[in-house]
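# A structural walkthrough
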Amino acid sequence: MVKVLIVAGDAVEALEIFYPYYRLKEEGFEVHVAAPSKKELNTVVHDFEEGWETYTEKKGYIFRWVDLTFAEVKPEDYDGLYIPGGRAPEYIRTYPELEKIVKHFFEANKPVAAICHGPQILAAYGLLKGKRATCYLAVKPDLISCGAEYKDEEVVVDGNLVTSRAWPDLPALMREFIKLLKK
């Protein structure tokens, strides 16, 4: 059975964790969620509203299915990694345990998907140099400064890395990520 790890924390974008969590389970994959601590996560809803130059943020649903902490993860047990966005990536990337997890997937050439602000984690760990990727527009400078080739497309696939801009791109992201997981 294919096993997928989702890494998240408080302020994860609601659609970017709930949609993939259920979509991956629907495929018959085993899905585990890891966070800094084993607790319910407070999600946020980022939306695009007229008159705003950036996204707005509202409180979202509680995500109740955190299975383990970053410290408990054995990345070799998983076939793929999914990194949702929201504000969570800006702070969970500071956990040394997460860096070890994420680097394992790149070193083992396993499928990795990241959406919205999720690529901030990959940029922080120096994993995007020479890669083609996309992200939420506000994260574009992070990608470029770490040596990635930024593409403004709904989904960008570069080897085993799949990236998307934001929650409206979830169907394209999940389609491509699932293809890689089934290989």
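Read on for an overview of the structure. Everything numeric here is computed off the predicted structure, so don't read it as measured data.

Next up on the list: the environment of Val 112. With respect to the helices, strands and loops of the structure, Val 112 is situated in strand 8 (residues 112–115). Given a relative accessible area of 2%, Val 112 falls into the buried group. Separated by 10 residues in the primary sequence, Val 112 and Val 102 have C-alpha atoms spaced 8.7 Å apart. Residues within four places of Val 112 in sequence aside, it is in contact with Leu 81, Ile 83, Phe 105, Phe 106, Asn 160, Leu 161, Val 162 and Phe 177.

Turning to the nonpolar core, a few remarks are in order. Ile 6, Ile 17, Leu 24, Tyr 82, Leu 173 and Phe 177 are the most contacted members of the largest nonpolar core, which has 35 residues in total. Top element by residues in this core is helix 6 (residues 170–182). It accounts for 8 residues. Here Tyr 82 is in contact with Leu 5, Ile 6, Val 7, Glu 16, Pro 20, Ala 113, Ile 115, Leu 170, Leu 173, Met 174 and Phe 177, once residues within four sequence places are set aside. One finds Leu 68, Ala 114, Tyr 125 and Tyr 150 within the second-largest nonpolar core, a separate group that totals 30 residues.

On to the sheet that holds strand 11 (residues 156–158). Taken in spatial order, the 7 strands make up an open sheet running 6-3-1-7-8-12-11, and their pairing is mixed. Every other strand in the sheet has two partners, leaving strand 6 (68–69) and strand 11 as the edge strands with one partner each. When strand 11 meets strand 12 (residues 161–164), the two strands line up antiparallel, connected through 3 bridges. In the sheet register, Val 157 faces strand 12, and the bridge partner there is Val 162.

Right, let's talk about the side chain of Thr 56 for a bit. Looking at the secondary structure, you find Thr 56 in strand 5 (residues 56–63). Classification of Thr 56 as buried rests on a relative accessible area of 5%. In this structure the side chain of Thr 56 is engaged in a polar contact, spanning 2.7 Å, whose partner is the side chain of Glu 49. Not counting residues up to four positions away in its chain, the partners in contact with Thr 56 are Val 45, His 46, Asp 47 and Glu 49.

Let us now look at the environment of Leu 15. Residue position: Leu 15 is located in helix 1 (residues 14–26). C-alpha separation for the pair Leu 15 and Phe 105, spaced 90 residues apart in sequence, amounts to 24 Å. Residue contacts for Leu 15: discarding those within four places in its chain leaves Pro 20, Trp 167 and Leu 170.

Turning our attention to the pairing of strand 8. Along strand 8, one buried face is formed by Val 112 and Ala 114 and the opposite face, lined by Ala 113 and Ile 115, is buried too. With 3 bridges connecting them, strand 7 (residues 80–83) and strand 8 associate as parallel partners. The residue of strand 8 that forms the bridge with Ile 83 is Ala 114. Direction of pairing for strand 8 relative to strand 12: parallel, over a ladder of 4 bridges. Within strand 12, the position partnered with Ile 115 by the bridge is Ser 164.

Next up on the list: the sheet that holds strand 2 (residues 12–13). What the 3 strands build is an open sheet, ordered 2-4-5; its pairing is mixed. Pairing within the sheet leaves two strands with one partner each, and these edge strands are strand 2 and strand 5. For strand 2 and strand 4 (residues 41–47), the ladder comprises 2 bridges, and the chain directions are parallel. Of the residues in strand 4, the one forming a bridge with Val 12 is Thr 43.

Rules and cut-offs
- Residues numbered from 1 in each chain as written.
- Predicted model: local features only at pLDDT ≥ 70, side-chain atom pairs only at ≥ 80, totals over all residues.
- Heavy atoms only, no water.
- Helix = DSSP H or I, 4+ residues; strand = E, 2+ residues; numbered from the N terminus.
- Buried < 20%, exposed > 50% of the residue type's maximum accessible area, 1.4 Å probe, protein only.
- Contact = heavy atoms within 4.5 Å.
- Core = buried A, V, L, I, M, F, W, Y, C linked by side-chain atoms within 4.5 Å.
- Pairing = 2+ DSSP bridges.
- Polar contact = N/O pair within 3.5 Å; in protein donor to acceptor, adjacent residues only side chain to side chain.

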